[in-house]
Structures are given as C-alpha cells and as structure tokens.
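Breakdown of the fold
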Amino acid sequence: MMISPFLVLGLFMAGIIHVFLNVETIKKHINQGNIFDVIKAACLGIPLPLCSCAVIPSAVTLRKSGVRNGPTSSFLISTPETGVDSIMVTYGLMDLPMTIFRPLAAFCSAFVAGLLQNIFNNFEYQEKNQTPEKGCCSKNKKSQLTPLSLQQKIVEVFRFGFFELLEDIINWLMVGIIIGAAIDYFVPMNMFTIYNGVWAKLLILLVGIPMYVCASA
C-alpha cells in the first residue's frame with residue numbers, strides 16, 4: 001500500500017519523459033565539446049526510466065551519432081542507477097534524505113566517469129559498416145519517423161508507463177518487495193547496526209554490484 005501512489009505517479013512521469021524527450025534532443029545538449037556536456041549528460045540520465053540493459057542501445061546510438069566518450073559514459077552510468085519512477089518509490093518507502101542522496105550519488109559517479117573519459121579516452125568514434133544488433137531491450141526503442149499527434153502522444157504516455165515499462169519492471173519489483181518483506185520479518189532490526197566502517201561498506205558494494213535488479217526493485 002505504501003508504494004502504490006508513488007509507483008503510479010512515477011510510471012506516469014516516466015511515460016511523459018519517454019514521449020517528449022528523445023535521443024536527438026539529448027544529443028543537442030550534450031555534444032558541445034566541454035565539461036558541461038558531462039554534467040548535462042548525467043543530469044539528463046538521472047530521470048530517464050531505462051534499465052541497465054535498455055540504456056546500452058541508447059548510449060550506442062548517442063556514440064554512433066557523434067557524441068563524445070565523456071558525455072556518453074556519463075549518460076550510460078547515471079541513467080540506470082535511478083529514474084523518475086524509482087525516485088518516487090524511494091520517497092514513498094524510505095525518507096527524503098535518501099531520495100536526495102540516491103540521484104546525487106548517481107550524478108557524482110557519472111560525472112567522475114565522464115570526466116575521466118574526457119581526459120584519458122576522448123578519441124573520435126569511427127563508424128563501421130555493420131548491421132546493428134538487436135538488444136534484449138530493443139522493444140524500448142520508438143520510431144521517430146512519423147510525428148505523433150497530441151492525442152497519440154497522450155496514449156503513448158500511458159501505454160509506455162503503465163504497460164511497457166511496468167511489464168519490464170514488475171517481476172523484479174515483486175522480487176524486491178518479497179525480499180524486503182522477508183528481511184523485515186526474519187532479520188532483527190539491530191543486526192546491521194554492528195556492521196559499520198569502510199570494510200562494511202565495501203562488503204555491501206561487493207554484494208550489490210553483481211545483483212541485477214531494476215532501479216525501482
């Protein structure tokens with residue numbers, strides 16, 4: 001019950017972003033050839049409702065269209081770490097400071113990665129004559145060949161947010177809820193209070209990095 005209104009609002013906002021913000025729009029803002037490209041790429045990626053799998057085709061599209069390594073890496077890292085739907089869910093289930101720190105952490109990690117790319121790996125991409133491969137999240141790509149009317153855009157907002165996106169995250173969202181309930185029931189509240197310091201944080205990172213769950217789950 002706690003998660004429902006925030007998840008619904010997040011899915012609706014995700015649909016709006018999906019319809020009214022496309023790759024070409026992003027490209028115009030993050031390919032000026034300066035450090036602000038990395039900052040803007042990280043900021044643009046934070047609210048986008050793309051998982052770590054779906055964001056890869058989008059990042060490849062940016063790179064092949066001429067966007068530099070720095071902003072591409074920044075966008076690639078910040079986007080799956082959080083999203084407008086997961087931000088709303090975080091606020092509903094946790095607290096305001098965590099809701100702020102989570103996208104802030106996504107921005108900082110994406111900015112550092114993009115900055116390092118600009119310094120050490122800012123080569124020009126050379127297009128090869130290859131047929132693009134279909135990714136596992138290729139269904140998230142939308143065709144921009146035919147402009148949509150306002151009515152069609154409204155329909156697409158709801159179709160993407162409450163059907164396509166929800167279908168993508170529902171399984172892992174349910175897993176996350178079940179695991180959260182199990183932890184709440186079986187694990188004593190004070191168990192983790194004895195684990196503090198740098199080593200505890202590193203241990204949690206080692207456990208969390210290989211786990212594939214979507215940002216909302």
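The rules we used
Position labels on residues start from 1 in each chain and follow its written sequence. Given that this is a predicted model, residues contribute local features only at a pLDDT of at least 70 and side-chain atom pairs are listed and counted only at 80 or more, while totals for whole chains, interfaces and linings are drawn from all residues. Side-chain measures here rest on the full set of heavy atoms in the structure, leaving out hydrogens and waters. For the purposes of this entry, the term helix denotes a DSSP run of H or I that reaches at least four residues, the term strand denotes a run of E that reaches at least two, and both are numbered from the N terminus. Under the scheme applied here, a residue whose accessible area is under 20% of the maximum for its type counts as buried, over 50% as exposed, and between as partly exposed, the area being computed with a 1.4 Å probe on protein chains only. The nonpolar core is taken to be a set of buried Ala, Val, Leu, Ile, Met, Phe, Trp, Tyr and Cys residues, with the residues joined through side-chain atoms within 4.5 Å. Contact between two residues is taken to exist if any of their heavy atoms lie within 4.5 Å; hydrogens are not considered. Only Phe, Tyr and Trp rings take part, Trp by its six-membered ring, and two of them pair if their centres are within 6.5 Å. Stacked means planes under 30 degrees apart, edge-to-face means over 60, and tilted covers everything else. In this analysis an axis means a line fitted to C-alpha atoms, helices contributing only their contacting stretch, and an angle means the value between N-to-C directions, from 0 to 180 degrees. With respect to orientation, any angle under 35 degrees is reported as roughly parallel, any angle over 145 as roughly antiparallel, any angle of 65 to 115 as roughly perpendicular, and every other angle as oblique. Crossing handedness is defined as follows: a turn of the near helix away from the far one that is anticlockwise and smaller than a right angle gives a left-handed crossing, while the clockwise case is right-handed. Amino acids are sorted into nonpolar (Ala, Val, Leu, Ile, Met, Phe, Trp, Tyr, Cys and Pro), charged (Asp, Glu, Lys and Arg) and polar (every other residue, Gly among them). Each residue after the first adds 1.5 Å to the expected span of a helix. The definition of a polar contact used here is a pair of N or O atoms within 3.5 Å, where within protein one atom must be able to donate a hydrogen and the other to accept one, and adjacent residues in sequence count solely through side-chain atom pairs. As a per-residue quantity, pLDDT reports the predictor's confidence and falls between 0 and 100.

**Let's talk about the overall build of the chain**
The number of helices and strands found in the chain is nine helices and zero strands. Burial analysis of the chain (217 residues in total) assigns 31% to the buried set.

**A closer look at the nonpolar core**
Proteins that are soluble and globular tend to have nonpolar side chains buried together. Ranked by size, the top nonpolar core spans 10 residues in total: Leu-7, Leu-11, Ala-14, Val-84, Val-89, Phe-160, Leu-165, Ile-169, Leu-173 and Cys-214. Looking at this core, the elements with two or more residues in it are α1 (4-20), α6 (84-93) and α8 (150-186). By residue number, the principal contributor to this core is α8, which donates four residues. Ignoring any residue separated from it by four or fewer positions in sequence, one finds Ile-169 in contact with Leu-7, Leu-11, Asp-85, Cys-214 and Ser-216. Formed by nine residues, the second largest nonpolar core is a distinct cluster that contains Ile-26, Ala-41, Leu-48 and Leu-62.

**Concerning the packing of aromatic side chains**
Counted according to the given criterion, the structure contains two aromatic pairs. Relative to Phe-111, the ring of Phe-107 has its centre 6.1 Å away and its plane inclined at 10°; by these criteria the two rings are stacked. Of this pair, Phe-107 and Phe-111 both sit in helix α7 (residues 96-120), separated by four residues, roughly a single helical turn. With centroids separated by 5.8 Å and ring planes inclined at 20°, the aromatic side chains of Phe-158 and Phe-162 adopt a geometry described as stacked. Of the two residues, Phe-158 and Phe-162 are both situated in helix α8; the distance of four residues between them amounts to about one turn of the helix. You can call Phe-162 partly exposed: its relative accessible area is 24%.

**Some remarks on the packing of helix α3 (residues 35-45) against helix α5 (residues 69-81)**
A pair of packed helices can be characterised by two numbers: the angle between their axes and the separation between those axes. Two elements in contact, α3 and α5, have axes whose closest approach is 8 Å; the angle formed by their N-to-C orientations is 25°. In terms of orientation, α3 and α5 fall into the roughly parallel class. Note that α3 runs across α5; the crossing there is right-handed. Listed contacts from α5 to Asp-37, Val-38, Ala-41, Ala-42 and Gly-45 of α3 are Gly-70, Pro-71, Ser-74, Phe-75, Ser-78 and Thr-79. For the contact of α3 with α5, a count of residues per class yields five nonpolar, five polar and one charged.

**Let's talk about the packing of α3 against α7**
Relative orientation of the contacting elements α3 and α7 amounts to 145°, with a least axis distance of 9 Å. Crossing of α3 over α7 shows right-handed handedness. Residues Ile-35, Val-38, Ile-39, Ala-42 and Cys-43 of α3 pack against Phe-107, Ala-110, Phe-111, Gly-114, Leu-115 and Asn-118 of α7. In terms of residue class, the contact of α3 with α7 is built from nine nonpolar, two polar and no charged.

**Concerning α5**
Compared with an ideal rise of 1.5 Å per residue, which puts 13 residues at 18 Å, α5 spans 19 Å between its outermost C-alpha atoms and is within 8% of the ideal. The set of residues buried in α5 consists of Asn-69, Gly-70, Pro-71, Thr-72, Ser-73, Ser-74, Phe-75, Ser-78 and Thr-79.

**Examining the side chain of Glu-156**
Inspection of the secondary structure puts Glu-156 in helix α8. In this structure the side chain of Glu-156 is engaged in a polar contact, spanning 2.7 Å, whose partner is the side chain of Arg-159. Once residues lying within four places of it in the same chain are set aside, the contact partners of Glu-156 are His-18 and Val-19.

**Re the confidence of the model for the chain**
This prediction gives the chain a mean pLDDT of 76; 78% of its residues lie at or above 70. Across residues 130-144 the pLDDT falls below 50, and counting only partners more than four positions away or on other chains, this stretch makes 17 contacts in the model.

**A look at the side chain of Ser-78**
Along the chain, the position of Ser-78 falls in helix α5. You can call Ser-78 buried: its relative accessible area is 0%. Residues in contact with Ser-78, not counting those within four places in the same chain, are Ala-41, Ala-42, Gly-45, Ile-46, Ala-106 and Ala-110.

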